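As a plain string of letters, each chain reads:
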Amino acid sequence: ENLVRWGTNFDKRDMGWGYGAAPPQSFQLRNILVPNAKKLVLAFGATFVLDKSGDLWGWGISSELLLKKDIIESNQPVKIMSSIKDIDAGDFYGAAVMEDGSLKVWGRDINYQNPVLVQQNIKSVHVIREILFFVDSRSNLYCFPNGSSTNMDGFSEKPICLDTNVEDVQYLNYETILVLKTDGTVGIPDYRGRRPFQVLAHDAQSVNQSGYISRDGNYWHIISTNDNSFEAELEENTAYAVYNSMGDSLRILQNGKIEVGFSENGMLTALSKGE
């Protein structure tokens, strides 16, 4: 349950390399960054980790996101806040659900240099692209359609209810979100005014950005079809998988082994053999 790091921060995200930070640093041995980690969130110039005690840790080069004006190229976690239930972040703002159920946002806007209360009675928060979604204590899914890094005042406007009985929300692709309902139904809601809720399955136990795990432990990969709808395909002998837009993949097999696949243009293929 420890968050560990190894390799080189080659992808420019851990430290914001190329945006004023130091060159990549090599971590040949595994470093324990945060013990008892619960959730990891990547933002532009900052990385957040929520631990199981409710403490929020962060590091990077964005003093606004990290809420610490004296942080310069921090490469080690620094405690930012406590009493946190959930956390997510966009490129230029962060959002946290406090233990009392309040939702607070902060970022690079001059009026949001400190966390600002925008909602109450919230269970979880989800930042997908620039849109802020949240699930309230009654399992209703909402979004702030006008909120963004350039218009953080939009988070103070009345949110729109998108769905009910929602357990989890994941980012599926650039224009689609994936919803897991409390009864195990997994599908794609209509939050852009294009089509009704599309049901993909009724037996899901969890979802991620590439598919879902059914109650029998199988992993189903969700792919788009020619008519812009979606369907699920069974991944044989797979317990968990992630596929990104570049074609890279990671699969945990049911026998416990891990397989990784790299696209021809994947960043990791730029490393020499042996690294």
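Placed above this text is the structure.
Rules behind the numbers
Residues numbered from 1 in each chain as written. Predicted model: local features only at pLDDT ≥ 70, side-chain atom pairs only at ≥ 80, totals over all residues. Heavy atoms only, no water. Helix = DSSP H or I, 4+ residues; strand = E, 2+ residues; numbered from the N terminus. Buried < 20%, exposed > 50% of the residue type's maximum accessible area, 1.4 Å probe, protein only. Contact = heavy atoms within 4.5 Å. Areas by Shrake-Rupley, 256 points an atom, 1.4 Å probe, with all protein chains shown as cover. Patch = residues over 30% accessible without salt bridge, like charges linked within 9 Å, V, L, I, M, F, W, Y side chains within 5 Å. Salt bridge = Lys/Arg side-chain N within 4 Å of Asp/Glu carboxyl O. Phe/Tyr/Trp six-rings, centres within 6.5 Å; stacked < 30°, edge-to-face > 60°. Lys NZ or Arg CZ within 6 Å of the ring centre and 35° of its normal. Pairing = 2+ DSSP bridges. Axes fitted to C-alpha atoms, helices over the stretch in contact; angles between N-to-C directions. Disulfide = S-S within 2.5 Å.

J.: How should the overall build of the protein chain be read in this particular structure?
T.: Tallying secondary structure elements over the protein chain gives one helix and 25 strands in all. The buried share of the protein chain, taken over its 275 residues, is 44%. For the protein chain, the proportion of contacts with a sequence separation of at least 24, taken over those separated by at least 6, is 36%. Accessible area of the protein chain: about 14600 Å², with a carbon and sulfur share of 48%.

J.: It is not clear to me how a nonpolar patch on the surface should be interpreted in this structure. Could you clarify?
T.: Taken together, the side chains of Y240, L250, I258, V260 and F262 define a hydrophobic patch exposed on the protein surface, amounting to about 460 Å² of accessible area. Tracing the chain through its elements places V260 in strand β25 (residues 258-261).

J.: Hey, could you run me through the packing of aromatic side chains in this one?
T.: Within a pair of aromatic rings, the relevant descriptors are the distance that separates the centres and the angle that separates the planes. The full count for this structure, using the stated rule, is eight aromatic pairs. Here Y219 and Y240 contribute two aromatic rings whose centre-to-centre distance is 6.3 Å and whose plane-to-plane angle is 55 degrees, an arrangement assigned as tilted. With Y219 in strand β21 (residues 219-224) and Y240 in strand β23 (residues 238-243), this pair connects stretches of sequence that are 21 residues apart. Of the residues examined, Y219 reaches a relative accessible area of 0% and is grouped as buried. According to the relative accessible area criterion, Y240 is partly exposed, its value standing at 31%. Feature note: the residues Y93, F134, Y142, F144 and F155 constitute an aromatic cluster, connected by ring pairs. Taking the ring centre of F197 as reference, the NZ or CZ of K181 above it sits at 5.2 Å.

J.: Even after reading the chapter, I still don't get the sheet that holds strand β10 (residues 116-119), so can you show me in this structure?
T.: Strands in a sheet are paired, the pairing made by backbone hydrogen bonds, and the direction either parallel or antiparallel. Read from one edge to the other, the open sheet built from four strands follows the order β7-β8-β9-β10, with strand pairing classed as antiparallel. The strands lining the two open edges of the sheet, one partner per strand, are β7 (84-89) and β10. The mean inter-strand angle of the sheet, taken between neighbouring strand axes irrespective of direction, is 30 degrees.

J.: Could you clarify how one ought to interpret the environment of R138 in this entry?
T.: As for its placement among the helices and strands, R138 is situated in the loop between β12 (131-136) and β13 (141-144). Classification of R138 as exposed rests on a relative accessible area of 71%. Along the sequence, R138 and N165 sit 27 residues apart, while their C-alpha atoms lie 7.5 Å from each other.

J.: I keep staring at the state of the cysteines and nothing clicks. Help me out?
T.: Here a disulfide denotes a covalent bond joining the sulfur atom of one cysteine to the sulfur atom of another. Enumeration over the complete set of coordinates arrives at zero disulfides. C161 provides the cysteine sulfur closest to C143, a residue in no disulfide bond, and the two sulfurs are 9.5 Å apart. Under the relative-accessibility criterion, C143 is labelled buried at 5%. Accessibility expressed as a relative area gives 39% for C161, which makes it partly exposed.

Honestly, it's all geometry; don't read function into it.
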